[in-house]
Amino acid sequence: MTRVVLVGPPGAGKGTQATALSRRLGVPHISTGDLFRAHIANGTELGLRVKAIIDSGGLVPDEITNEMVRVRLADEDTRAGFLLDGFPRNTGQADFLRDALGGVDLDAVVEFKIDEDVVVGRLLGRGRVDDSEDVIRHRLDVYRKETAPLLEYYADKLITLDAVGEVDEITGRVLSALRDRG
Ligand code: ADP
């Protein structure tokens, strides 16, 4: 069983790694950012409600995010496990996830550790709507204040990895760390 949460600041490479890891581990990659962007692209009601928040770099309210994740985790393909990317992003969402899993524990929480200066440079090169410098700074503030407390919350499951290096090399680091965990 592979139930893994990926945590790290914006631009740490979680999405890239989650795509590779999903293929290697045979479990779905669930990115709340991707789910929100799909809603926005499809012009759904949820998409219309969250667009301005996402463009400004704030967090979507927990009740919206949690409900979207609850629906996704009910899909059949998550039975064998999942890689959560971008969720939980605060301790309220983590409490929700614990309840949603009904007493089944996560196997690991992987922290992608990287300097803020490095991620600002990477994100500026990416060119997404929410990747302008002031929005990036705001997202980093939100990460520090809201998301970083999860590292304490998940202390007993936490695997911290250096997120700087070649893509394949980092995938290898994650896989071997998960293997060591058993
Ligand atoms: P990144 O990994 O670059 O920070 P994401 O694609 O994960 O970007 O998320 C983009 C945006 O979507 C966030 O800045 C936030 O507005 C919203 N979002 C994603 N996940 C969550 C979440 N778990 N809770 C609240 N908002 C979220």
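None of these values were measured; they are calculated from a predicted model.

1. Description of unusual backbone geometry
Excluding glycine, a negative phi dihedral is what most residues carry, and trans is how most peptide bonds are arranged.
Part 1 of the argument: Here the amide bond leading from F87 into P88 is cis, since omega sits at -10°, within 30 degrees of zero.
Part 2 of the argument: Secondary-structure assignment places P88 in the loop between β3 (81-85) and α5 (91-100).

2. Notes on the pairing of strand β4 (residues 108-113)
Sheet faces and side chains relate simply in a regular strand, where the side chains alternate between the two faces.
Part 1 of the argument: For β4, the buried fraction is high: five of the six residues fall into the buried class.
Part 2 of the argument: Where strand β1 (residues 2-7) and β4 come together, four bridges link them in parallel fashion. What sits directly across from V5, in β4, is V109.
Part 3 of the argument: Bridge count between β4 and strand β5 (residues 158-162): five bridges; the pairing is parallel. If you follow F112 over to β5, its bridge partner there is L161.

3. A look at the layout of surface pockets
Part 1 of the argument: Looking at the largest pocket, its volume works out to about 830 Å³.
Part 2 of the argument: What lines the largest pocket is a set of 42 residues, and nearest its centre among them are P10, K14, R89, R128 and R139.
Part 3 of the argument: Among the secondary structure elements, those contributing two or more residues to the lining of the largest pocket are β1, α1 (14-25), α2 (32-42), α6 (116-126), α7 (133-147) and α9 (167-181).
Part 4 of the argument: Class assignment of the residues belonging to the lining of the largest pocket gives a composition of 16 nonpolar, 16 polar and 10 charged.

4. A short note on the side chain of R3
Part 1 of the argument: As for its placement among the helices and strands, R3 is situated in strand β1.
Part 2 of the argument: Despite its burial, R3 remains without a salt bridge, the nearest opposite charge being carried by D107 at 5.1 Å.
Part 3 of the argument: Residues contacting R3, with those up to four places away along its chain left out, are R79, G81, F82, V104, D105, L106, D107 and A108.

About the cut-offs
- Residues numbered from 1 in each chain as written.
- Predicted model: local features only at pLDDT ≥ 70, side-chain atom pairs only at ≥ 80, totals over all residues.
- Heavy atoms only, no water.
- Helix = DSSP H or I, 4+ residues; strand = E, 2+ residues; numbered from the N terminus.
- Buried < 20%, exposed > 50% of the residue type's maximum accessible area, 1.4 Å probe, protein only.
- Pairing = 2+ DSSP bridges.
- 1 Å grid on protein atoms, 1.4 Å probe; cavity = no way out; pocket = protein on both sides within 12 Å on 5 of 7 lines; lining within 4 Å.
- Points joined across faces, edges and corners; volume = space filled by probe spheres on them.
- Nonpolar A, V, L, I, M, F, W, Y, C, P; charged D, E, K, R; others polar.
- Lys, Arg positive; Asp, Glu negative; His and termini not counted.
- Salt bridge = Lys/Arg side-chain N within 4 Å of Asp/Glu carboxyl O.
- Contact = heavy atoms within 4.5 Å.

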